[in-house]
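Analysis of the macromolecular model
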Amino acid sequence: MSPRTEHRVRNDPAQYDDLTDQWWRPHGKFAALHWLARARAGLIPDPPRPGAPLLDVACGAGLLQPHLTGRLAGWVHTGVDLSLLSLRQARTHGVTAVAADAGRLPFADHSFECVVAGEVLEHLPDLPSAVAEICRVLAPGGTLVMDTLNNTWLCRLALVRIAEHLPGGPPAGVHDPALLVSPNVLNELLAQHGVRMHRPTGLRPAAGQYLAWLARRREDVTMLPTRSVSMLYQATATKDAS
Ligand SMILES: C[S@@+](CC[C@H](N)C(=O)[O-])C[C@H]1O[C@@H](n2cnc3c(N)ncnc32)[C@H](O)[C@@H]1O
């Protein structure tokens, strides 16, 4: 059984250690992160060569790793996270897992041809520092793949206040509504570091599959694109080549 996390303040990263037994359960508290990892992998470009390095910022327990197969098999997956118990699991799933803060990445400039930041930007009290670090370690011409929660009243209500009480929603207390990130803010921060963000796409779970998942007739749910980015959205960005 998971330890209780109610004593934590909102967005305390220690909650991921509290909930460490939930990461890989298809019907556990992090179930939707598996759905999102698959959607995220769909935006990752083919590796430029076998063995090309990919950095997964806030990799958690390494949920992206099973998706780096087929056309993505050539990427070598390094992950950073603050949660030591999550990193331990990421390691057992084949991720080179390093304890580090997104705002202080222990890598040289231009080290990674792809950087992935999935469901983490909305957790960062110092977003500008983390974006600066992500852009610093991204190689010229490299791709950044992101998904996060938009800073809208609808998202704060639906995905933070309401969805926390629904199966498949985020665990109670993991989000601080004050930290959600609008695409415009992200675009401006990235542009300061020569990284151009492309048009974001909204995401929502496929309704029929969600119902089947609720009934335990499925283990996962496909995330579908939506035109509205007012809640959950994903985007890529490209670092200028020179
Ligand atoms: C919602 S989980 C997403 C994990 C993973 N990206 C995924 O989608 O499965 C957020 C992760 O961010 C990590 N995290 C929060 N703040 C962080 C920071 N400042 N630096 C590195 N990791 C952080 C947490 O420990 C947690 O593993």
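The model shown is predicted, which means the values in this text are computed figures rather than measured ones.

**With respect to the overall build of the protein**
On a plain count of helices and strands, the protein comes out with 7 helices and 9 strands. The C-alpha atoms of the protein give a radius of gyration of 17 Å, which matches the 18 Å a tight globule of 242 residues would have. Taken along its principal axes, the extent of the C-alpha atoms in the protein is 50 × 40 × 35 Å. In the protein, the proportion of contacts linking residues at least 24 apart, taken out of those at least 6 apart, comes to 72%. Across the protein, the centroid of the 23 positively charged side chains sits 6 Å from that of the 22 negatively charged ones.

**Thoughts on the site of the ligand**
Every one of the 19 residues lining the ligand counts as a neighbour, but Arg40, Ala58, Asp81, Ala102 and Gly118 are closest to it. At 2.6 Å from a nitrogen atom of the ligand is found a main-chain nitrogen or oxygen belonging to Ala58. Summarising the interface, the protein chains cover 95% of the accessible area of the ligand, which totals 600 Å² for the free molecule. Split by residue class, the shell around the ligand holds 11 nonpolar, 4 polar and 4 charged.

**Details of the packing of aromatic side chains**
In this structure the tally under the stated criterion is 7 aromatic pairs. A ring pair is formed by Tyr16 and Phe30, whose centres lie 5.8 Å apart and whose planes are at 15°; its orientation type is stacked. Residue Tyr16 is found in helix 1 (residues 14-18), and its partner Phe30 is found in the loop between helix 1 and helix 2 (31-41); the two are separated by 14 residues along the sequence. Classification of Tyr16 as buried rests on a relative accessible area of 17%. Judged by centre distance (4.3 Å) and plane angle (25°), the ring pair of Trp23 and Phe30 falls under stacked. On the accessibility criterion, Trp23 (5% relative accessible area) is buried. Following the ring pairs from residue to residue traces out a cluster consisting of Tyr16, Trp23 and Phe30.

**With respect to the nonpolar core**
Among the nonpolar cores identified, the biggest contains 31 residues, and Leu55, Val115, Leu121, Met146, Leu186 and Leu190 are the most heavily contacted of them. Of all the elements, helix 4 (residues 127-137) adds the most residues to this core, at 6 residues. Among all residues touching Met146, those that are not within four sequence positions of it are Ala117, Leu121, Leu186, Leu190, Met197, Tyr233, Gln234, Ala235, Thr236 and Ala237.

**A few points about the pattern of salt bridges**
Close approach of charged atoms allows side chains with opposite charge to pair. Tallying each qualifying case throughout the model produces 12 salt bridges. For the salt bridge of Glu164 with Arg10, the shortest nitrogen-to-oxygen distance reads 2.8 Å. Taken as a pair, Glu164 in the loop between helix 5 (153-162) and helix 6 (183-191) and Arg10 in the segment before helix 1 lie far apart in primary sequence, 154 residues in all. Overall, Arg10 belongs to the partly exposed group, its relative accessible area being 29%.

**Brief notes about the UniProt feature "domain: Methyltransferase type" (unreviewed entry) in the protein**
Residues given the UniProt feature "domain: Methyltransferase type" (unreviewed entry) here are residues 55-146. Annotated as 22% helix and 32% strand, the span residues 55-146 places its first and last C-alpha atoms 12 Å apart.

**Here we look at the state of the cysteines**
Throughout the structure, instances matching the rule amount to 0 disulfides. With no disulfide of its own, Cys135 has Cys114 as its nearest cysteine by sulfur position, at a separation of 13 Å.

**Things to note about the pairing of strand 1 (residues 53-57)**
Across the 5 residues of strand 1, 5 count as buried, placing the element largely inside the fold. In strand 1, alternate side chains face the same way, and those of Pro53, Leu55 and Val57 on one face and Leu54 and Asp56 on the other are all buried. Pairing geometry for strand 1 and strand 2 (residues 76-81), over 5 bridges, is parallel. Its bridge partner being in strand 2, Leu55 is matched across the sheet by Thr78.

**Brief notes about the environment of Leu85**
Here Leu85 lies in helix 3 (residues 84-92). In this structure, the C-alpha to C-alpha distance between Leu85 and Gly60, residues 25 residues apart in sequence, is 8.8 Å. Sequence-distant contacts of Leu85, defined by excluding residues within four places in its chain, comprise Asp17 and Thr20.

Cut-offs used in this document
- Note that residues are indexed from 1 along each chain, following the sequence as it is written.
- Per-residue local features are limited, in this predicted model, to residues with pLDDT of at least 70; the limit for side-chain atom pairs, both in listing and counting, is 80 or more; totals at the level of whole chains, interfaces and linings are taken over all residues.
- Working from all heavy atoms in the structure, the side-chain values ignore hydrogens and water.
- Helix and strand definitions here come from DSSP, where helices need a minimum of 4 consecutive H or I residues and strands a minimum of 2 consecutive E residues; each element is numbered from the N-terminal end.
- Radius of gyration here uses only the C-alpha atoms, and the compact-globule reference equals 2.2 Å multiplied by the residue count raised to the power 0.38.
- We call two residues in contact whenever any of their non-hydrogen atoms come within 4.5 Å of each other.
- Lys and Arg are tallied as positive, Asp and Glu as negative. Neither His nor the chain termini are counted.
- Charge positions are represented by NZ for Lys, CZ for Arg, CG for Asp and CD for Glu.
- The criterion for a residue being near a molecule or strand is simple. One of its heavy atoms has to lie within 4 Å of it.
- Here a polar contact means two N or O atoms within 3.5 Å. Within protein one must be a hydrogen donor candidate and the other an acceptor candidate, and residues neighboring in sequence count only if both atoms are side-chain atoms.
- Only the protein chains shown count as covering a residue, and every accessible area follows the Shrake-Rupley method with a 1.4 Å probe.
- Gly is placed with the polar residues, together with every amino acid not listed as nonpolar (Ala, Val, Leu, Ile, Met, Phe, Trp, Tyr, Cys and Pro) or charged (Asp, Glu, Lys and Arg).
- Only Phe, Tyr and Trp rings are paired, with Trp represented by its six-membered ring, and only when their centres lie within 6.5 Å; those with planes under 30 degrees apart are stacked, over 60 edge-to-face, the remainder tilted.
- Summary of the burial criterion: residues with accessible area below 20% of their type's maximum are buried, those above 50% are exposed, and those between are partly exposed, where the area comes from a 1.4 Å probe applied to protein chains only.
- The term nonpolar core refers to a set of buried residues drawn from Ala, Val, Leu, Ile, Met, Phe, Trp, Tyr and Cys, joined through side-chain atoms within 4.5 Å.
- Between Lys or Arg on one side and Asp or Glu on the other, a salt bridge is scored when a side-chain nitrogen of the former is within 4 Å of a carboxyl oxygen of the latter.
- UniProt positions are given in the numbering used here, feature names are shortened, and annotations may be inferred rather than shown by experiment.
- Here, the term disulfide refers to a pair of cysteine sulfur atoms separated by no more than 2.5 Å.
- Between any two strands, pairing holds if DSSP finds at least two bridges.

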